[in-house]
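Read off the chains here:
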Amino acid sequence: MLIRKLKRYGRVKGPALVLFLAVALSILTVFFGPVEALDRPLFYNTITVKSAITPPVAEYILKSIQDAHKEGAQGLIIYLDTPGGLDLAMRDIVKGILSSAVPIIVYVHPPGGRAASAGLMITIAAHVAVMAPGTNIGAAHPVSIGVGGKGMDKTMTDKVVNDAVAYIKGIARKMGRNEEWVEKAVRKSVSITAEEALRLKVIDFVAADTDDLLRQIDKREVTLLSGKRTIATKGAVLMPKEMTFRNKILTAITDPNIAYILLLIGLAGLYFEFSNPGAIVPGVIGGISLLLALFALQALAVNYVGVILILLAIVLFVAEIKVVSHGVLTIGGVVALLLGSLMLFEAPDPTMRVSFDVLIPAVVLTSLFFVVIIGMALKAQTRDKQTGPETLIGAEGEAMTDVFHSGTVFVRGEYWQAKSESPIPKGSRVKIVTVDRLRMKVQEIK
């Protein structure tokens, strides 16, 4: 009897109980978020930037800021070590930081690292700016190149510098940092240590390591667009976010050294393909390399006079094959290649131009490549012919019949019609003087 009652109760109450639990769970989710999030610990996303500031790096940082907000992180910690970079990429990052929905902590790290030029701007814009001992910050004077690779004139330089000063002072004022010093960093390219930056109120803390960083910023109040927020780091977990494979590739090819090498490989590959139609592989490699190089060049501050000089060098190398200049065109090509390589990236920061450790070997190897190819082509043009009737001139054979106005000779395994200016008896040794179509003129060897 009891069992029958329980079964009947389950049939009546079971569906109602399931419905009740579903509604209750929905209400809890609406008011308190997902149930599993109730026990989720505090966490901060972290990224590491140890390169020049380029468009791919800016994309990586901006996406990390967005992901930190979407994933519910308490903030984003950026480990920064940069010599500087491109102005447009830097401004995109600064705008992303200032409009972030979560606190952005920039930590200049590791010891020996720096936040120079564009790195200074990014650090100043952070909600919390921290440096490790042994790091430095500053040297933000803007430098650009003009038409033909010449520096800007005084008027344009003043405009650019004043714009940069107003920009960084506005950010420093908003974030409560030392406006006077950041102006010096732009106008006079001054640079200071972490301890000096803390004393001058350029940064908020000096932290020996990440644990020290989290301890010091705990309970610090920052101002976001949505209002004030208190940072909580007690028991927080760090969630490192790596670059995507796409960002890694784009960051690699926008390195000036890689871009330069890709440009040379692309030009050499296309030259080889055009010189030997149907080779296919050099053309494919050259085409891909050249497209990657063009992508990198449009993302970098390039002096296009340098690009034109490199193209001119290739033209001169090709012309050497067509016009015998006794090496003058080749020498001109080597000089144009060297000058173009030196002028390609005229950035004040060594990391934003081609390293001499890459440039010199690349110029030497490229020049040797074309010199060898040119030498082989010229040698092929001047080499004695190896096929055809002309190759028989001077060859020796045997008269198979009496030869005078006509006759037959045997030369190199073949029978030829022959004639001579004087009678030649059968069996005599003969030498070919000329070949006219299928008839030879011979003379007797005595």
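The notes below deal with the structure included here.

Cut-off values and rules
Residues numbered from 1 in each chain as written. Predicted model: local features only at pLDDT ≥ 70, side-chain atom pairs only at ≥ 80, totals over all residues. Heavy atoms only, no water. Pairing = 2+ DSSP bridges. Helix = DSSP H or I, 4+ residues; strand = E, 2+ residues; numbered from the N terminus. Axes fitted to C-alpha atoms, helices over the stretch in contact; angles between N-to-C directions. Buried < 20%, exposed > 50% of the residue type's maximum accessible area, 1.4 Å probe, protein only. Contact = heavy atoms within 4.5 Å. Arc of directions from axis to C-beta. Polar contact = N/O pair within 3.5 Å; in protein donor to acceptor, adjacent residues only side chain to side chain. Parallel < 35°, antiparallel > 145°, perpendicular 65-115°, else oblique. Nonpolar A, V, L, I, M, F, W, Y, C, P; charged D, E, K, R; others polar. Salt bridge = Lys/Arg side-chain N within 4 Å of Asp/Glu carboxyl O.

Description of the sheet that holds strand β15 (residues 429-436)
Part 1: Pairing within the closed barrel is mixed, and its 5 strands lie in the order β12-β13-β14-β16-β15. Put simply, the sheet's adjacent strands are angled 55° from each other on average, direction ignored.
Part 2: Pairing analysis gives 3 bridges linking strand β14 (residues 414-419) to strand β16 (residues 439-444), with the strands arranged parallel. For Lys419, the partnering residue across the bridge sits in β16 and is Lys441.

Here we look at the environment of Thr434
Part 1: Here Thr434 is to be found in strand β15.
Part 2: You can call Thr434 partly exposed: its relative accessible area is 38%.
Part 3: As a C-alpha pair, Thr434 and Ala418 span 16 residues in sequence and 9.9 Å in three-dimensional space.
Part 4: Not counting the four nearest positions on each side in its chain, Thr434 is found in contact with Ile393, Arg439, Met440 and Lys441.

Side note on helix α6 (residues 179-187)
Each full turn of the α-helix corresponds to 3.6 residues, which orients residues three or four apart in the same direction.
Part 1: Trp181, Val182, Ala185 and Val186 are the residues of α6 that are buried. End-on, the buried residues of α6 take up no more than an arc of 140°, which puts them together on one face.
Part 2: Packing partners of the buried residues in α6 comprise α4 (118-125), β6 (136-138), α5 (154-175) and β7 (191-193).
Part 3: Capping the start of α6 is the job of one residue whose side-chain oxygen sits 3.0 Å from the backbone nitrogen of Glu180: Asn178.
Part 4: Just downstream of α6, Ser189 is the residue with a positive phi angle, here 60°.

Notes on unusual backbone geometry
Part 1: In this structure, the amide linkage connecting His109 to the following residue, Pro110, adopts the cis form with an omega of 5°.
Part 2: Position of Pro110 relative to the elements: it lies in the loop between β3 (104-108) and β4 (114-116).
Part 3: The phi dihedral of Ser189 is positive, around 60°, even though this residue is not glycine.
Part 4: Looking at the secondary structure, you find Ser189 in the loop between α6 and β7.
Part 5: Positioned with a positive phi, Lys219 is a non-glycine residue whose angle comes to about 70°.
Part 6: Within the fold, Lys219 resides in the loop between α8 (210-217) and β9 (221-224).
Part 7: For Lys219, a relative accessible area of 62% corresponds to the exposed category.

Regarding the pairing of β16
Part 1: Pairing of β15 with β16 involves 6 bridges; the strand directions are antiparallel. Residue Lys431 lies in a different strand from β16, and its bridge partner there is Gln443.
Part 2: Hairpin remark: β15 followed by β16, antiparallel, with 2 residues in the connecting loop; positive phi at Arg437, about 55°.

Some remarks on the packing of helix α2 (residues 55-70) against helix α9 (residues 245-253)
Part 1: Taken N-terminus to C-terminus, the directions of α2 and α9 make an angle of 150°; their axes are 8 Å apart at the nearest point. It follows that α2 is roughly antiparallel to α9 by the angle criterion. Counted together, Pro56, Val57, Glu59 and Tyr60 of α2 and Arg246, Asn247, Leu250 and Thr251 of α9 form the full contact between these two elements.
Part 2: Each residue belonging to the contact of α2 with α9 can be placed in one class, and the counts come to 4 nonpolar, 2 polar and 2 charged.

A look at the side chain of Thr82
Part 1: Mapped onto the fold, Thr82 is located in the loop between β2 (76-80) and α3 (87-98).
Part 2: The class of Thr82 is buried, set by a relative accessible area of 0%.
Part 3: Those residues within four positions of Thr82 in sequence are excluded, and the remaining contacts are Ser51, Ala52, Ile53, Arg114, Ala115, Ala116 and Gly119.

Digging into the pairing of β9
Part 1: Burial of β9 is one-sided: the residues Val222 and Leu224 facing one way are buried, the residues Glu221 and Thr223 facing the other way are not.
Part 2: Looking at chain direction, β9 and strand β10 (residues 227-230) are connected through 4 bridges and run antiparallel. Bridging from a neighbouring strand, Thr223 pairs with Lys228 of β10.
Part 3: The antiparallel hairpin formed by β9 and β10 contains 2 residues in its connecting segment.

Quick word on the pattern of salt bridges
Part 1: Going through the model one piece at a time under the given rule, you end up with 15 salt bridges.
Part 2: Between Arg91 and Asp163 there is a salt bridge, and its shortest N-O distance comes to 2.8 Å. Pair noted here: Arg91 is in helix α3 and Asp163 is in helix α5, with a separation of 72 residues, a long-range link.
Part 3: Across the salt bridge formed by Asp204 and Arg220, the nearest N and O atoms sit 3.1 Å from each other. Linking Asp204 in the loop between α7 (194-199) and β8 (205-206) with Arg220 in the loop between α8 and β9, this pair joins segments that are 16 residues apart in sequence.
Part 4: Classification of Asp204 as buried rests on a relative accessible area of 17%.
Part 5: Ionic contacts of the salt-bridge type, sharing partners, join the residues Asp87, Arg91 and Asp163 into one network.

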